[in-house]
Amino acid sequence: MELTGTTTLLVALKAEAQPLIDHYKLKSARQNPFPIYANEQLKIVITGIGKCPSAAALAHTAAFFSVLPNHIWINFGIAGHKDHAIGTAVSVSKVISKSGQQTWYPNLIKLPNTLVKPLTTYDAAVDDYVDDTLCDMEAAGFMSAGSSLHIKSECLFVFKVISDNKLSDAKNITKNLVAGLVKSHISTLEALIKKAEMKVQDVRNWKLEIGSELFEKWHFTQTQKSQLREGIRRFRALDKEILWQDMELDNCATAKDVIENLNRRLQKLLPKF
Amino acid sequence: MSQFPKSTVITCEHYGEIFNRHQQDFRIQKKDPCLILAEKHNKRIMPAPPEYGLNTTHNYYFSHMLNCIYDCRYCFLQGMFRSAHNVIFVNYEDFIEDIRALAVKTREPIWFYSGYDCDSLALDPITEFSKSFIEAVSFIDNVFLELRTKSTQVRKLLEMEPRDNVICAFSLSPTAVIKALEHQAPSLAARLSAAKKLQLAGWPVALRLDPIVFVENFRAEYKFLIEQITEQLDFKKLHSITIGAFRLPKGFFKTVKNLYPEEPLFSSQFNSDNGQVSYEKSTETKILDWCEASLKNCNDCPPIFRQSLG
């Protein structure tokens, strides 16, 4: 399915997603196995609570939808912390799986009025807030799946808003509280997405386009296609003034002639600084 | 840590958890690398590759840092490391102990090269690498220390008495090459100025024209570089000059080409024999012959060493 876009947010709860769906005017793209809402730039996947659903939702989205190289993946949602005030935004620097004793390091972007903290993912809701880390139930699943799917660590982010602490534990969390917390941090989330996009932008920009007319005119074997691709890459890098398409190829009878013609031209080119 | 009061500190068990993990994007990281402080527990001092020495018998290299704050497009570190983060190993005393232990095993000169996996001096004001190592090992008679750098951070050296057995080796390229390929590195004029200050203070200075890049107007660019060297520095007092044409291990070349497919340098006509990507043998010989001859044409030329694939 074509569902382009540059960023995907994975949230556990519909209550976390709804303010974002409303704000970005996202349309429902599908409901099963995970509800997905999308516009041209952004999609939101509602994963459900827990490590496994979070991991499964990331794997499903990455596998079944066409995503650009360096697509940005953000695990967003609420989390607890013993001391920090409810409503505090936190960029997560380190994710620890309590049960698996594994550790991951998501990419980190510093944002105004946002703390940086490690996070521990538990298998069940906790109310004792032992460590000086955030606690949630999804981030480790998100990071584990991202890592298994060979998503670059630079493209994985975990961003949380404190919803409970020692003074007001998880039992006090309501849909309205969650929606309010998310709403109040939409601008911070936007800043995160913008900065993340900027980081990966120039890596995405370089595309090698080979016109289909070449393949219509001559028959290239797979090896020749690879030689052609490499030749065109080199030509484009070495000669920014002449398009390779402008080369005189009419006299070429076969694909082999095209490649030889290209290589002859390349032999004469040196880097110009 | 006190020098970075505003930094965010993230603790980890071992630097490899971050530095060696899979699925990292060197190019993205290089835009905004982290600083990792770590201890190096083993393999601190390594035998230098055969082509690395200056016709000397006992050659070792060591790296108090991994990666470099500069972003030279030809650098093999881009292909060797998965991460672009900068690692500083803080257990200098262990490195120094290892150097001492190796030095007592022979009475012959024993060379230790720094600047293989990093720039030796680029972060010297923060790391105090030069002061720590020079004060600790330069009094050992048979020890020679080479600090390879593109940096202008020579203040710590200038505060010390010069040592005959500590050589600062400056990597130089023509200005056009620096502008195109040595991103964030000091200008040629700045490097020559730093080298001159050291020479005037009595420190042995060496030059490394490596890698030499075969570009359009190659002769004019490198001729002008040699002129600037001879104008700025006391040529006859230079410890040595090494020259080497651009080359990379095949695997590293493939990695860096994939990282920067638009880079003209990686689109030149190369050979890939014996696991190395380099200019065709005839081109490489032509480049090195011309450079060597041009340097030798200058009065009182110091010893020249060729770094090539053999």
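Our subject is the structure listed above.
Residues numbered from 1 in each chain as written. Chains lettered and ligands numbered in written order. Predicted model: local features only at pLDDT ≥ 70, side-chain atom pairs only at ≥ 80, totals over all residues. Heavy atoms only, no water.

A.B. asks: What should I look at first to understand the packing of aromatic side chains in this one?
C.D. replies: Each aromatic ring pair is characterised by the separation of its centres together with the angle its planes make. Following the criterion strictly, the structure yields 28 aromatic pairs over all chains and no others. For the pair Y60(B) and F112(B), a centre-to-centre distance of 5.7 Å together with 25° between the ring planes defines the contact as stacked. Of this pair, Y60(B) sits in strand β3 (residues 58–62) while F112(B) sits in strand β7 (residues 110–114), placing them 52 residues apart in sequence. Each ring, one from W111(B) and one from F144(B), has its centre 4.9 Å from the other, and the planes form 15°; the classification is stacked. Highlighted residues: W111(B) in strand β7 and F144(B) in strand β8 (residues 143–149), separated in sequence by 33 residues. Residue F144(B) is classed as partly exposed on the basis of its relative accessible area of 22%. These aromatic residues form a ring-pair network of at least three members: Y15(B), F19(B), F62(B), F81(B), F89(B), Y92(B), F95(B), F129(B) and F133(B). In this structure, K225(A) is placed above the aromatic ring of F215(A), and the distance from its NZ or CZ to the ring centre is 5.4 Å. Directly above the aromatic system of Y260(B) lies the positively charged group of R73(B), at a separation of 3.7 Å from the ring centroid. (Phe/Tyr/Trp six-rings, centres within 6.5 Å; stacked < 30°, edge-to-face > 60°. Helix = DSSP H or I, 4+ residues; strand = E, 2+ residues; numbered from the N terminus. Buried < 20%, exposed > 50% of the residue type's maximum accessible area, 1.4 Å probe, protein only. Lys NZ or Arg CZ within 6 Å of the ring centre and 35° of its normal.)

A.B. asks: Explain unusual backbone geometry to me, please; I cannot follow it from the model alone.
C.D. replies: It is generally the case that most residues other than glycine have a negative phi and that most peptide bonds are trans. For the peptide bond that leads from N32(A) to P33(A), omega is -5°, which places it in the cis range. As for its position among the elements, P33(A) is in the loop between β2 (27–30) and β3 (36–38). Cis peptide bonds are those with omega within 30 degrees of zero, and the linkage from D210(B) to P211(B) qualifies with 10°. Examined against the element boundaries, P211(B) turns out to sit in strand β11 (residues 205–212). The backbone phi angle of K25(A) is positive, close to 50°, even though this residue is not glycine. Residue position: K25(A) is located in the loop between α1 (14–24) and β2. Among the residues examined, K25(A) registers a relative accessible area of 63% and is labelled exposed. Unusually for a residue other than glycine, E128(B) sits at a positive phi of about 55°. Relative to the assigned elements, E128(B) resides in the loop between α5 (124–127) and α6 (129–137).

A.B. asks: Can you walk me through the environment of D128(A) in this structure?
C.D. replies: Residue and element names in this part refer to chain A. Tracing the chain through its elements places D128 in the loop between β8 (114–121) and β9 (134–136). D128 sits in the partly exposed class, given a relative accessible area of 47%. Taking the C-alpha atoms as reference, D128 lies 7.9 Å from K82; in sequence the two are 46 residues apart.

A.B. asks: I tried to follow the pattern of salt bridges on my own but got confused; where do I start?
C.D. replies: As a working rule, side chains carrying opposite charge can pair if their charged atoms are close by. Residues and elements named next belong to chain B. Enumeration according to the criterion identifies 25 salt bridges over all chains in this entry. Across the pair E227 and K223 runs a salt bridge whose closest N-O atoms are separated by 3.5 Å. Of this pair, E227 and K223 both sit in helix α10 (residues 218–232), separated by four residues, roughly a single helical turn. By relative accessible area, which is 32% here, E227 ends up partly exposed. With relative accessibility at 47%, the residue K223 sits in the partly exposed group. Here E292 ties to R306 by a salt bridge, and the two come within 2.7 Å at their closest N and O atoms. Pair noted here: E292 is in helix α12 (residues 281–296) and R306 is in strand β16 (residues 304–307), with a separation of 14 residues, a long-range link. Relative accessible area serves as the criterion here: at 16%, E292 is assigned to the buried category. Taking relative accessible area as the criterion, R306 reaches 35% and is therefore assigned partly exposed. Beyond isolated ion pairs, a larger network of salt bridges with shared partners links D289, E292, K296 and R306. (Salt bridge = Lys/Arg side-chain N within 4 Å of Asp/Glu carboxyl O.)

A.B. asks: Sorry if this is basic, but what is going on with the pairing of strand β15 (residues 276–279) of chain B here?
C.D. replies: The side chains of a regular strand alternate between both faces of the sheet. Residues and elements named next belong to chain B. Alignment of strand β13 (residues 247–249) against β15, held across three bridges, turns out to be antiparallel. Its bridge partner lying in β15, L248 is registered against V277. Count of turn residues in the strand β14 (residues 270–273)/β15 antiparallel hairpin: two residues, of which N274 carries a positive phi of about 50°. (Pairing = 2+ DSSP bridges.)

A.B. asks: It is not clear to me how the nonpolar core should be interpreted in this structure. Could you clarify?
C.D. replies: For soluble globular proteins, nonpolar side chains are generally found buried alongside one another. Counting residues in hydrophobic clusters, the biggest one holds 92 residues, and the most contacted among them are F170(B) and I229(B). Not counting chain neighbours up to four residues away, the residues in contact with I229(B) comprise L172(B), L192(B), L207(B), L209(B), F235(B) and L238(B). Counting residues in hydrophobic clusters, the runner-up holds 57 residues, among them F142(A), F159(A), V161(A) and I162(A). (Core = buried A, V, L, I, M, F, W, Y, C linked by side-chain atoms within 4.5 Å. Contact = heavy atoms within 4.5 Å.)

A.B. asks: Help me out: how do you make sense of the sheet that holds β11(B) in this one?
C.D. replies: Within a beta sheet, neighbouring strands are joined by backbone hydrogen bonds and run either parallel or antiparallel to one another. Residues and elements named next belong to chain B. Overall, mixed pairing links the eight strands, which are arranged β2-β3-β7-β8-β9-β11-β12-β16 in an open sheet. Two strands bound the open sheet, and with one partner strand each, they are β2 (45–47) and β16. The sheet shows a mean angle of 25° between the axes of neighbouring strands, taken without regard to direction. Note: β2 against β3, three bridges, orientation antiparallel. Across the sheet, I45 pairs through a bridge with F62, a residue of β3. Sheet contacts for helix α9 (residues 188–201): β9 (166–171) and β11; angle to β9, the most-contacted strand, approximately 165°. (Axes fitted to C-alpha atoms, helices over the stretch in contact; angles between N-to-C directions.)

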